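Topology and contacts: notes
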Amino acid sequence: MDDPSVADLLARGDPFTNVRTAAILREVHGLLQWAREHDVVHRRVTTDRVFLEPTSDRVRVSFAAGPLQRVRAIDATTEDVQTVVRLAVAMLSGPQSAETEGQSFAEQRPDLPERLHEETERLLKVA
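What counts and what doesn't
Residues numbered from 1 in each chain as written. Predicted model: local features only at pLDDT ≥ 70, side-chain atom pairs only at ≥ 80, totals over all residues. Heavy atoms only, no water. Phe/Tyr/Trp six-rings, centres within 6.5 Å; stacked < 30°, edge-to-face > 60°. Lys NZ or Arg CZ within 6 Å of the ring centre and 35° of its normal. pLDDT = per-residue confidence, 0-100. Helix = DSSP H or I, 4+ residues; strand = E, 2+ residues; numbered from the N terminus. Salt bridge = Lys/Arg side-chain N within 4 Å of Asp/Glu carboxyl O. Buried < 20%, exposed > 50% of the residue type's maximum accessible area, 1.4 Å probe, protein only.

**Description of the packing of aromatic side chains**
The description of an aromatic ring pair uses the distance of the two centres, along with the angle that the planes make with each other. Counted under the stated rule, the structure contains zero aromatic pairs. Sitting over the face of the ring of Phe 16, Arg 20 holds its NZ or CZ atom 4.5 Å from the ring centroid.

Written out as structure tokens, the structure reads:
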């Protein structure tokens, strides 16, 4: 794919505002929901698999194979929610550096509401 990935844009230091992040994640969520409804088992999505058209931020996703669990600890819908939350954290935290390594999302973005920090932690601990 010729369009840059979210990982590429983060590495370049491109900004992801709350509004831009929400619009991108809405599309990713829709793609995950479509894939789940069509029994696509391998729906792993990371920042290097979300591609954005430079002029419009139109989203394209390349699903990757992930490990299959014989006994599921969480359901497929929850897995997809966690994927979206992980992408949101990456996009809103910005590029990682030596200073931010090991910091929580709340420490990296203290300007965001406490409720968002709490819900992010809760959703990622469901597993």
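**A word on the confidence of the model for the chain**
This prediction gives the chain a mean pLDDT of 89; 93% of its residues lie at or above 70. The least confident element of the chain, judged by mean pLDDT, is helix H4 (residues 105–108) at 90; the most confident is strand E1 (residues 50–52) at 97.

**Examining the pattern of salt bridges**
Enumeration according to the criterion identifies 11 salt bridges in this entry. Salt-bridge contacts for Arg 43 lead to Asp 80; the nearest nitrogen and oxygen are separated by 3.0 Å. Of this pair, Arg 43 sits in the loop between helix H2 (18–37) and E1 while Asp 80 is found in helix H3 (residues 76–93), placing the two residues 37 residues apart along the sequence. Look at Arg 43 and you get buried, because its relative accessible area is 8%. By relative accessible area, Asp 80 is classed as buried at 3%. Where Glu 53 meets Arg 58, a salt bridge forms, and the shortest distance between an N and an O atom there is 3.9 Å. With a relative accessible area of 47%, Arg 58 lands in the partly exposed category. Via salt bridges that share partners, Arg 36, Arg 43, Glu 79 and Asp 80 belong to a single interconnected network.

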